[in-house]
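# Results of the structural survey
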Amino acid sequence: MTYKNTREFAQQLDSEDQLKHYREEFLFPQVNGKQVIYFTGNSLGLQPKRAKKYVDEVMNDWANLAVEGHFYAEKPWWDYQERFAKPLSKIVGALPAEVTVMNTLTVNLHLMMVSFYRPTAKRYKIICESKAFPSDQYMIQSQVHFHGLDPKEAIVEIERRPGEHNIRLEDVLAKINAIGDELALVLIGGVNYYTGQVFDMKTITKAGHDAGAYVGWDLAHAAGNIKLELHDWDVDFAAWCSYKYMNSGPGNASGLFVHEKHHHNPDLPRFAGWWGHNKERRFKMEPKFDPVHGAEGWQISNLPILSLAPYLASVDMFDEIGMDKLIEKRDKITAYLEFILHEIDKEVASTFEIITPENKEERASQLSVFLHGEGRSLFDYLMKNGVITDWREPNVIRLAPVPLYCSFEDMYEFGQILKKGITG
Ligand SMILES: *Cc1c(COP(=O)(O)O)cnc(C)c1O
């Protein structure tokens, strides 16, 4: 398709958009009395209007039923998390028993490392990406330290080549091969938070397994954004937060995936709690832990129903749409944004560069723009003029044209504001 940098063309794309009415399902902040152009759904997704209904339902059940709500609420609380299994499993490409919701992301990754990082004298190394999201770096370092090992020895980071912004698949595979039988775990972000690069999870997972290691993924920027086939890719474990592309609300609960092949392994150690115990016998208050055979066997505490409520509202919305339709629009709107950026770049004589891979297989709903000339002043200009984006040191603006609620006209309008911000 040949794109045009005109309002009419953008409006035409909007009129053909099958998901266009979902924009009405979200609450947008306003700047200068106008609805913003929201590019930070990769950081905190907008509030779906239906979230309030789900939360109100819990509040009302709590008021009217109190403790009886555990069993007699509209959606009983004692097994509330089970409502997620089916729709979430479709979002991440898993069996329903392989997914659950609990805790928050970094906490779940720690819990997964309890089960899947058990270093021995020979096999103790972890491969991760260089410049991973800081929480992942701290998490991995602290786990290594916890086992009495030296992070400098045990953690191997995959570097970018000089002058390149993205990590090459061949470099990941080469590193896995080189470490071979010293490799205990591969743990990488499926979509890099800074550049938006999507990793080839299938190939990397296989390479990790061939080396005899476990392979886990942090899917913070992947869940609800890209097509995942966690079961078929044979991924050992994964976790994701729900407040980014999944619009569940600030700091909200994490999703967890544990592959079926690990559900019946009594040798896997884990940190246990009563919510992971055999469901039929949970309230018998027995002394011996008998884990649920499934991701729920890693549950610890009874669940924060008030925070799961908006997450469930969002998961239901994803289930209505399906990932395929979402991805179809994602690719179209991302390509249109890329086109707009290139057009404006030509008009203002090249002051910025897109560092996200051009290759469609290696990117999803984010374009990261490296500013050569302008700096924070341009970012401030955008924010003041109703473009909500974010700034990452040293000089990057991240743009996520989230397909659920961004419009093609937003992309056009953004281009006009950007141009004014650069040319003054
Ligand atoms: C957003 C994000 C996190 C945040 O972790 P929390 O435990 O939810 O605070 C962690 N890792 C990555 C890669 C992220 O993008």
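What counts and how
Residues numbered from 1 in each chain as written. Predicted model: local features only at pLDDT ≥ 70, side-chain atom pairs only at ≥ 80, totals over all residues. Heavy atoms only, no water. Helix = DSSP H or I, 4+ residues; strand = E, 2+ residues; numbered from the N terminus. Rg over C-alpha atoms; globule rule 2.2 N^0.38 Å. Buried < 20%, exposed > 50% of the residue type's maximum accessible area, 1.4 Å probe, protein only. Contact = heavy atoms within 4.5 Å. Areas by Shrake-Rupley, 256 points an atom, 1.4 Å probe, with all protein chains shown as cover. Lys, Arg positive; Asp, Glu negative; His and termini not counted. Charge placed at Lys NZ, Arg CZ, Asp CG, Glu CD. Salt bridge = Lys/Arg side-chain N within 4 Å of Asp/Glu carboxyl O. Arc of directions from axis to C-beta. Patch = residues over 30% accessible without salt bridge, like charges linked within 9 Å, V, L, I, M, F, W, Y side chains within 5 Å. Near = heavy atom within 4 Å. Polar contact = N/O pair within 3.5 Å; in protein donor to acceptor, adjacent residues only side chain to side chain. Nonpolar A, V, L, I, M, F, W, Y, C, P; charged D, E, K, R; others polar. Domains from an automatic or database assignment. Buried area = accessible area lost by both parts, 1.4 Å probe. Pairing = 2+ DSSP bridges. Axes fitted to C-alpha atoms, helices over the stretch in contact; angles between N-to-C directions. Parallel < 35°, antiparallel > 145°, perpendicular 65-115°, else oblique. Left-handed = near helix turned anticlockwise from the far one by under 90°. UniProt positions renumbered as here; feature names shortened; annotations may be inferred.

### Looking at the overall build of the protein
From N to C terminus, the protein includes 13 helices and 17 strands. For 424 residues, the compact-globule estimate of 2.2 N^0.38 gives 22 Å, and the C-alpha radius of gyration of the protein, at 22 Å, lies within 12% of that figure. With the C-alpha coordinates of the protein rotated into their principal frame, the extents come out at 70 × 60 × 35 Å. Split into buried and exposed, the 424 residues of the protein put 57% on the buried side. Within the protein, residue pairs in contact and separated by at least 24 positions form 71% of the contacts whose partners lie at least 6 positions apart. As displayed, the protein has an accessible area near 18,300 Å², and 52% of this comes from carbon and sulfur atoms. Separation between the mean location of the 47 positive side-chain charges and that of the 59 negative ones in the protein comes to 1 Å.

### Topic: the pattern of salt bridges
Side-chain pairs of opposite charge can arise whenever the charged atoms involved come near each other. Under the definition given, this model contains 28 salt bridges. Between K279 and E296 there is a salt bridge, and its shortest N-O distance comes to 3.1 Å. Here K279 is found in the loop between β12 (254-258) and α10 (305-321), whereas its partner E296 is found in the loop between β12 and α10, with 17 residues between them in sequence. A relative accessible area of 11% means that E296 is categorised as buried.

### Points about helix α8 (residues 169-179)
All of the buried residues in α8 are D171, V172, I176 and I179. In a view along the axis of α8, the buried residues occupy a sector of 135°, so they form one face of it. Turned more than 90 degrees off the buried face of α8, the exposed positions are N177 and A178. In this fold, the buried residues of α8 make contact with β7 (125-129), β8 (155-158), β9 (183-189) and α9 (201-210).

### Observations concerning a nonpolar patch on the surface
On the surface, a cluster of nonpolar side chains totalling about 580 Å² of accessible area is made up of F71, Y72, W274, F283 and M285. Note that Y72 resides in helix α3 (residues 69-72).

### Some words on the site of the ligand
Taken together, L105, T106, F133, D136, D218, A220, H221, Y243 and K244 form the complete shell of residues around the ligand. Side-chain polar atom of T106 to an oxygen atom of the ligand: 2.5 Å apart, as the coordinates give it. The separation between a nitrogen atom of the ligand and a polar side-chain atom of D218 is 2.9 Å. Protein contact buries 84% of the 390 Å² of open area that the ligand shows by itself. For the shell around the ligand, the class distribution of residues is four nonpolar, two polar and three charged.

### Observations concerning unusual backbone geometry
In this structure, the amide linkage connecting E393 to the following residue, P394, adopts the cis form with an omega of 5°. Topologically, P394 is positioned in the loop between β16 (390-392) and β17 (396-399). The backbone of A66 sits at a positive phi, close to 45°, despite the residue not being glycine. Take A66: it is sitting in the loop between α2 (50-65) and α3. The partly exposed category is assigned to A66, whose relative accessible area is 39%. In the Ramachandran plot, M285 falls in the positive-phi region, its phi being about 55° despite a non-glycine side chain. Relative to the helices and strands, M285 is located in the loop between β12 and α10.

### As for the domain arrangement of the protein
Buried accessible area, meaning the area lost when the parts come together, often serves as the stated size of an interface. Here the domain parsing of the protein yields domain 1 (7-48 + 322-423) and domain 2 (53-321). For domain 1 versus domain 2, the separation of C-alpha centres amounts to 29 Å. Of the roughly 2,700 Å² buried between domain 1 and domain 2, counting both surfaces, carbon and sulfur atoms make up 58%. Seen at the junction of domain 1 and domain 2, the total is one salt bridge. Ionic pairing is found between K227 and D324, a salt bridge with its closest N-O pair at 3.2 Å. Scanning the region where domain 1 abuts domain 2 turns up 18 residue pairs in polar contact (both at pLDDT 80 or more).

### Section: the sheet that holds strand β13 (residues 352-354)
Pairing in this open sheet of four strands is antiparallel, and the strands run β13-β14-β17-β16 from one edge to the other. One side of each edge strand has no neighbouring strand; the edge strands of this open sheet are β13 and β16. The average undirected angle you get between the axes of adjacent strands in this sheet is 30°. Pairing between β13 and strand β14 (residues 367-371): three bridges, direction antiparallel. Following the sheet pairing, E353 is matched in β14 by F370.

### Thoughts on the packing of α2 against α10
As a packed pair, α2 and α10 sit with axes 8 Å apart at the nearest point and diverge in direction by 140°. Considering their axes alone, α2 and α10 lie oblique with respect to each other. Remark: the crossing between α2 and α10 carries right-handed chirality. Mapping the contact onto sequence places R50, A51, Y54, V55, V58, M59 and W62 in α2 and I305, L306, A309, P310, L312, A313, D316, M317 and E320 in α10.

### Regarding the UniProt feature "binding site: pyridoxal 5'-phosphate" (unreviewed entry) in the protein
Per the UniProt entry, the sites bearing "binding site: pyridoxal 5'-phosphate" (unreviewed entry) are L105, T106, F133, P134, S135, D136, D218, H221, Y243, W274 and N302 in this numbering. The annotated residues occupy 198 residues of the chain and do not converge on a single region, their most distant C-alpha atoms lying 31.5 Å apart. Checked against the element boundaries, D218 lands in strand β10 (residues 214-218). With residues up to four places along the chain from it excluded, the contact list for D218 reads L105, L109, D136, L187, I188, G189, G190 and A239. Note that W274 resides in the loop between β12 and α10. Apart from the residues lying within four places of it in its own chain, the contact partners of W274 are R282, F283, M285, I300, S301 and N302.

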